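What follows is each chain in one-letter form.
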Amino acid sequence: MPKPKVYVSREIAEEGLSLLREATEMNVWREKELMPRKTQFQLFADCDGLLTTTDIAVNAELLEACPTVKVISNQAVGFDNVDIGACTAAGVPVGNTPDVLTETTADLAFALILASARRLAEMIEWVKQDRWTPERGMLENLGTDVHHATLGIVGMGRIGREVARRASGFNMTVLYHDLKRDPQAEQEFGARHVDKKALLQQSDFVSLHLPLSAGTHHYIGDAELKLMKPSAILINSARGQIVDQTALLDALKNEQISGAGLDVTDPEPIRSNHPLLALPQVTVLPHIGSATLKTRAKMAERAALNLIHALTGRPMISCVNPESVGQGRSASLFK
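Starting afresh in each chain, residues are numbered from 1 along the sequence in its written order. Whole-chain, interface and lining totals are the exception, using all residues; otherwise, since this is a predicted model, local features are given only for residues with pLDDT of at least 70 and side-chain atom pairs are given and counted only at 80 or more. Water and hydrogen atoms play no part in the side-chain values, which are based on all heavy atoms of the structure.

### Observations concerning the pairing of strand S1 (residues 5–8)
Stage number 1. Side chains Lys5 and Tyr7 of S1 all project onto a buried face; the interleaved residues Val6 and Val8 project onto the opposite face, where all are buried too.
Stage number 2. Think of it this way: DSSP has to see at least two bridges between two strands before they count as a pair. For the purposes of this entry, the term helix denotes a DSSP run of H or I that reaches at least four residues, the term strand denotes a run of E that reaches at least two, and both are numbered from the N terminus. The pairing of S1 with strand S2 (residues 25–28) spans four bridges and is parallel. Bridge pairing in S2 places Lys5 opposite Glu25.
Stage number 3. Note on handedness: a clockwise path from strand one over the helix to strand two, with the strands aimed away from the viewer, defines a right-handed crossover. Between the parallel pair S1 and S2, the chain is carried across by helix H1 (residues 14–23), and the sense of this crossover is right-handed. Using a 1.4 Å probe on the protein chains alone, a residue whose accessible area is under 20% of its type maximum counts as buried, one over 50% counts as exposed, and one in between counts as partly exposed.

This is the structure:
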């Protein structure tokens, strides 16, 4: 019996590729540049499954161009690059990779809190530019304490909860806003559930951990930034489009807030001449929340297993749209 044909849209860790190599007829896009859209249609056209990364827009257009695709495995916890409705309608299960990157991304979010509070990126540049001189006074280069400060977490999911765990080690007061309460976080970290307005008004640091959707697009805009303390710092390690970046730039220039730490931007990648990068109180990273050797290996392994399981009629480890399993295109896989 021939092996199912799959395409991996970018080079991923060998831990995932080795699994696919054994179980499938695998092709990998190994070019440095992202795969052009027309090329996607050509290379994916006769595949049974796709292992995608967030640069691939999986939508009705792609599904129509690739009629044999029965399974999508997205190597990310987020899936805003995937039209789940279109996949479900076609009977195409979609897998993702939660859990394996939770703590690593929380580490990065908290690193941004610390770096922004103590102005690390700015101070590193001072040293490089020979601006560190003995004449610097005791009231220069001052940062903000993280310990005993108030952290507002917007979105108390897996990653938000792990950020709260790290905050508890710094004796921070933790506020959180979510559609539903989290008794575990309240009991374990003393987190207090508040509405959005109260969180923005009371927090010294606001850390965003929301999925991107129509409802969260520009969730933080001009009105929200005006609610924050002038001394507050905004942290975003979720998705760039959750923040109205123009409003953020204005708020920072006008000193409505003190600073920002961003692992994500809108658009990505942000270009070096963007005015946000000229502000010393802003720390911007190139979307590296899950970028450690161990975590990327685990993500690749999980994404590969999701794909292999579905193509061999077994449940995915993590499926975003389980109602699609055994329906439409995937019906032949789950007999």
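Past the structure itself, the notes keep going.
### What about the sheet that holds strand S10 (residues 233–236)?
Stage number 1. Overall, parallel pairing links the seven strands, which are arranged S8-S7-S6-S9-S10-S11-S12 in an open sheet. Pairing within the sheet leaves two strands with one partner each, and these edge strands are strand S8 (192–193) and strand S12 (282–284).
Stage number 2. One ladder, built from three bridges, connects strand S11 (residues 259–262) with S12; its direction is parallel. Residue pairing in the sheet places Gly261 in a bridge with Thr283 of S12.

### What about helix H5 (residues 102–117)?
Stage number 1. The length a helix should cover is 1.5 Å for every residue beyond the first. Its 16 residues give H5 an end-to-end C-alpha distance of 23 Å, which sits within 8% of 22 Å, the value for a rise of 1.5 Å per residue.
Stage number 2. A large share of H5 lies buried, amounting to 12 of its 16 residues.
Stage number 3. When H5 is considered as a whole, its buried residues turn out to be Thr102, Thr104, Thr105, Ala106, Leu108, Ala109, Phe110, Leu112, Ile113, Ala115, Ser116 and Ala117.
Stage number 4. Looking one or two residues beyond H5, the residue adopting positive phi is Arg119, at roughly 60°.

### Considerations on the packing of aromatic side chains
For any two aromatic rings, the description comes down to two numbers: the centre-to-centre distance and the angle of the planes.
Stage number 1. Two rings belonging to Phe, Tyr or Trp (six-membered ring only in the last case) form a pair when the distance between their centres is within 6.5 Å. Interplanar angles under 30 degrees mark stacking, angles over 60 mark edge-to-face geometry, and anything in between is tilted. Taken as a whole and judged by the stated rule, the model has two aromatic pairs.
Stage number 2. Judged by centre distance (4.9 Å) and plane angle (45°), the ring pair of Phe110 and Phe170 falls under tilted. Residue Phe110 is located in helix H5, and its partner Phe170 is located in the loop between helix H7 (158–168) and strand S7 (173–177); the two are separated by 60 residues in the primary sequence.
Stage number 3. The rule for a charge over a ring is simple: NZ of Lys or CZ of Arg within 6 Å of the ring centre, and within 35 degrees of the ring normal. The ring of Trp126 carries the charged tip of Arg131 above its face, separated from the ring centre by 4.1 Å.
Stage number 4. One cation-aromatic arrangement involves Lys196 over Tyr219; the distance from NZ or CZ to the ring centre is 3.6 Å.

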